[in-house]
Amino acid sequence: MSPSTRAIDDRTDSTRLTRRAAGWLRTRLGRSSPLRPTAGGGLALVAVSAAVSLAAAGLLGETLRIRWSVGTYYGPEYAPTAIVLAAFPILVAVAVGAFRGGATLLEQTETDSRERGYYELATLSVLLSLLVAQLALVLANL
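Computed from a predicted model, the values in this text were never measured in an experiment. (Residues numbered from 1 in each chain as written. Predicted model: local features only at pLDDT ≥ 70, side-chain atom pairs only at ≥ 80, totals over all residues. Heavy atoms only, no water.)

K.L.:
I would appreciate a short explanation of helix α2 (residues 40–57) in the present structure.
P.N.:
Taking 1.5 Å per residue as the helical rise, α2 with its 18 residues ought to reach 26 Å, and the 26 Å between its terminal C-alpha atoms agrees with that figure. The set of residues buried in α2 consists of G41, G42, L45, V46, S49, V52, S53 and A56. Seen end-on, α2 carries its buried residues on one side only, within an arc spanning 150 degrees. Opposite the buried face of α2, by more than 90 degrees, sit the exposed residues L43 and L54. (Helix = DSSP H or I, 4+ residues; strand = E, 2+ residues; numbered from the N terminus. Expected span 1.5 Å × (residues − 1). Buried < 20%, exposed > 50% of the residue type's maximum accessible area, 1.4 Å probe, protein only. Arc of directions from axis to C-beta.)

See the structure below:
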């Protein structure tokens, strides 16, 4: 097998593995489970976000740097720590509520568990992205 063929085969294997993992997660999330992101799992993510904010409050100063720029100054680069740290759990809670409303509408229609699983997977992706952004902001300001 030539090196160029091997790279294509490796990429195909990793793509299959990724698709298989996403399919497994989608089927698990599509089931009626209290850990779904639009059920108790979403509330757990709100609690994690609040815990990160509470833990970071004691470690950070009065202001957080919220923008890093090189060159031209475009406006405020710092924000009050309390407001930023309070905004993240509120944002996650609002997202959970909105996704829960969408899940309720989805349950009222004739959808199968596959579509439900895709919705829950998208919900989980968005909520985890918010948590990663929160952690990145906190770590960047330590």
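K.L.:
What should I look at first to understand the packing of aromatic side chains in this one?
P.N.:
Each aromatic ring pair is summarised here by two numbers: the centre-to-centre distance and the angle between the ring planes. Under the criterion given, the structure shown has one aromatic pair. Ring centres of F99 and Y119 lie 6.1 Å apart, and the angle between their planes is 70 degrees; on these two criteria the pair is classed as edge-to-face. One end of the pair, F99, is in helix α3 (residues 81–108); the other, Y119, is in helix α4 (residues 113–140), and 20 residues separate them in sequence. Y119 sits in the partly exposed class, given a relative accessible area of 23%. (Phe/Tyr/Trp six-rings, centres within 6.5 Å; stacked < 30°, edge-to-face > 60°.)

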